[in-house]
Amino acid sequence: MYRLLWKNRNYRSLLLANVVNRFGDSIDAIAFTWLTYTFTQSAALSAIVYAANMLPTVIFQPLAAPIVDKLKKRKVMIYADLARGVCLMLFIVLLQLDLLASWMFVVFTFVVNSIESFRVPAGVAFLPSVLSKEEQDAGINLNQLSSQVCTLAGTAIGGAAVAVSPVFAMMIDCATFFISAFLIALIRLREVIDQTLAANNYWRNLKDGFQYLGKNHTFLIFITGAFLCNSLNAVFSSLAAAFISGTLHATADYLSIANIIITVSSLVMMLLYPKLSVKLKPSIMFSWIPFSGLAIFYLSLSVLPYLNERALFIAWIVLFLVLGISSGMLGAFVNVMFVKVVEPAYLSRAAGVFNSVGTIIMPILSVLIAALLQLIEIPTIFFITGVFAVMMILIFAISGAGKVLDAFDEKRGKA
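It should be emphasised that the depicted structure is a prediction, and the values quoted were computed from it without experimental measurement.

S.K.: Describe the overall build of the chain, and please don't skip the residues or the numbers.
M.R.: Along the chain, the regular secondary structure elements total 17 helices and zero strands. Of the accessible surface of the chain, which amounts to about 18400 Å², a share of 68% is contributed by carbon and sulfur atoms.

So this is what it looks like as structure tokens:
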């Protein structure tokens, strides 16, 4: 099937554009995080920058999706990639001229991710259009697998590039946006815009997107799981550079190693997902494994400062292996099932609402963490987060949400 997919020229161009984008994003995840902390030497500002990174997803993605529904998705993706490339180019120029101020890190992060709020729902809705019905399962899975491989490569290269020069790493990230736009421009596909959506006004389409939550209970469970999982992931993401550099007194290599392990683990989970999905219930893949892994991760993370250098390095690898496996399971489940759970007419808006609601807690927590840092140490914050992870497992079990996922899977299997 994969050989046949590669003969699909439109899918091939889109696949290459997506993996190039992911490659750049994985470099940026290391370069911009490290550059922010080394430039400002402020853990609180690093947390605020992380909040600025997440906030556009919360605010603009659900607002942008009804607009995207009325437009040709291919053009939206091209213009978004070009705009982000130009913004990043300006950032690099200001950095080289020594004209950057601390507040500019927040502004650039916010602007670039605001533009991405149009790119993401357009990409989700566009992918099925370049695939036949028979190609969808393999095409979506290959897209995710390829992206994970490029994330791994980008993370490894990003760590090395940051060690040489964070600016060089940012230049690579900038170039990927323009390459992605070029590859998408090569796609030749006549897009048909849903006339019902085109006829409806903006507010009607926006309202329908949020009302879809009440109509599709499985989709609602997806959003709830993303909300809870992201609330936990946000804690480490917003404090990663400060914890590694300021608390553990380690180098950027630790952040690179963490990202590599998570990426490899996620890739393995995606490869194993077809077999695991037959043996494990959705409730286990979607809740018990991810949140148990997060609980172990944070509770153990809080004691790392007390370890010697060798024990610290070994524990670091083991903990991120646990995090990668648990998070990878959740990611594989959502990536494969999302397109099946959501009706085609709602894909853009569902993606916007899903990403918004799933991400809304992240900037809030980042700002809260910035305030908490004035009162308590980072390891203590990690310990509290681990306790919350245990509580979330209990909440999910008591609510019976897993039964909804299991019922949907059984119904789909019989259909």
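S.K.: Lay out the pattern of salt bridges with the relevant residues and their values.
M.R.: Counting across every chain of the model gives three salt bridges. For Arg84, the salt bridge identified is with Asp81, shortest N-O distance 2.6 Å. Of the two residues, Arg84 and Asp81 both sit in helix α4 (residues 73-96), three residues apart, roughly one turn of that helix. Judged by its relative accessible area of 3%, Arg84 is buried. A relative accessible area of 0% places Asp81 in the buried class. Its salt-bridge partner being Glu116, residue Arg84 comes within 3.8 Å of it at the nearest N-O pair. Placement of Arg84 in helix α4 and of Glu116 in helix α5 (residues 102-126) is noted, with a sequence separation of 32 residues between them. The network of salt bridges with shared partners includes Asp81, Arg84, Glu116 and Arg119.

S.K.: Give me the packing of aromatic side chains: which residues, what numbers.
M.R.: Summed over all chains, the structure comprises 13 aromatic pairs. Taken together, a centroid distance of 5.7 Å and an interplanar angle of 50° make the contact between Tyr298 and Phe382 tilted. With Tyr298 in helix α12 (residues 282-301) and Phe382 in helix α16 (residues 378-399), this pair connects stretches of sequence that are 84 residues apart. Given the relative accessible area of 0%, Tyr298 is considered buried. On the accessibility criterion, Phe382 (0% relative accessible area) is buried. Centre to centre, the rings of Trp316 and Phe320 are 4.6 Å apart; their planes meet at 50°, and the pair counts as tilted. Of this pair, Trp316 and Phe320 both sit in helix α13 (residues 309-341), four residues apart, which is roughly one turn of that helix. Classification of Phe320 as buried rests on a relative accessible area of 1%. By the ring-pair criterion, three or more aromatic residues cluster together here, those being Phe236, Phe243, Tyr254, Phe297, Tyr298, Phe313, Trp316, Phe320 and Phe382.

S.K.: Account for the state of the cysteines, naming residues and giving values.
M.R.: This structure, assessed with the given rule, holds zero disulfides. Distance from the sulfur of Cys87, which forms no disulfide, to the nearest cysteine sulfur (Cys174) is 9.7 Å. Under the relative-accessibility criterion, Cys87 is labelled buried at 18%. The buried category is assigned to Cys174, whose relative accessible area is 7%.

S.K.: Can you tell me about the environment of Leu90, naming the residues and giving the values?
M.R.: Relative to the helices and strands, Leu90 is located in helix α4. Accessibility expressed as a relative area gives 46% for Leu90, which makes it partly exposed. Note: C-alpha distance between Leu90 and Phe108 (18 residues apart in sequence) is 9.3 Å.

S.K.: Residue-level account of the nonpolar core, with values.
M.R.: Ranked by size, the top nonpolar core spans 113 residues in total, and within it Phe236, Leu301 and Trp316 carry the most contacts. Per-element accounting of this core gives the leading share, 16 residues, to helix α10 (residues 217-247). With residues near it in sequence (within four places) discarded, Leu301 still touches Phe236, Phe243, Trp316, Leu319 and Phe382.

S.K.: Provide a residue-level description of the packing of α4 against helix α7 (residues 166-185), including the pertinent values.
M.R.: Where α4 contacts α7, the axes come no closer than 8 Å and their chain directions differ by 160°. One finds that α4 runs roughly antiparallel with respect to α7. Crossing of α4 over α7 shows left-handed handedness. Its residues placed into classes, the contact of α4 with α7 shows 18 nonpolar, three polar and four charged.

S.K.: Tell me what's going on with a nonpolar patch on the surface, and back it up with residues and numbers.
M.R.: The grouping of Leu299, Phe383, Ile384, Val387, Phe388, Val390, Met391, Leu394 and Ile398 at the surface amounts to a nonpolar patch, some 820 Å² of accessible area in total. No other element matches α16, which puts eight residues into the nonpolar patch. Examined against the element boundaries, Phe388 turns out to sit in helix α16.

S.K.: Describe unusual backbone geometry, and please don't skip the residues or the numbers.
M.R.: A positive phi angle, near 60°, is found at Asp98, a position not held by glycine. According to the relative accessible area criterion, Asp98 is exposed, its value standing at 62%.

S.K.: Explain the packing of helix α2 (residues 9-40) against α7 to me, using residue names and the numbers behind them.
M.R.: Where α2 meets α7, the closest approach of the two axes is 8 Å, and the angle between their N-to-C directions is 160°. Relative to α7, the element α2 lies roughly antiparallel. As for the relative orientation of α2 and α7, their crossing is left-handed in sense. Classifying every residue of the contact of α2 with α7 by side-chain character gives 16 nonpolar, five polar and three charged.

Conventions and cut-offs
- Residues numbered from 1 in each chain as written.
- Predicted model: local features only at pLDDT ≥ 70, side-chain atom pairs only at ≥ 80, totals over all residues.
- Heavy atoms only, no water.
- Helix = DSSP H or I, 4+ residues; strand = E, 2+ residues; numbered from the N terminus.
- Areas by Shrake-Rupley, 256 points an atom, 1.4 Å probe, with all protein chains shown as cover.
- Salt bridge = Lys/Arg side-chain N within 4 Å of Asp/Glu carboxyl O.
- Buried < 20%, exposed > 50% of the residue type's maximum accessible area, 1.4 Å probe, protein only.
- Phe/Tyr/Trp six-rings, centres within 6.5 Å; stacked < 30°, edge-to-face > 60°.
- Disulfide = S-S within 2.5 Å.
- Core = buried A, V, L, I, M, F, W, Y, C linked by side-chain atoms within 4.5 Å.
- Contact = heavy atoms within 4.5 Å.
- Axes fitted to C-alpha atoms, helices over the stretch in contact; angles between N-to-C directions.
- Parallel < 35°, antiparallel > 145°, perpendicular 65-115°, else oblique.
- Left-handed = near helix turned anticlockwise from the far one by under 90°.
- Nonpolar A, V, L, I, M, F, W, Y, C, P; charged D, E, K, R; others polar.
- Patch = residues over 30% accessible without salt bridge, like charges linked within 9 Å, V, L, I, M, F, W, Y side chains within 5 Å.

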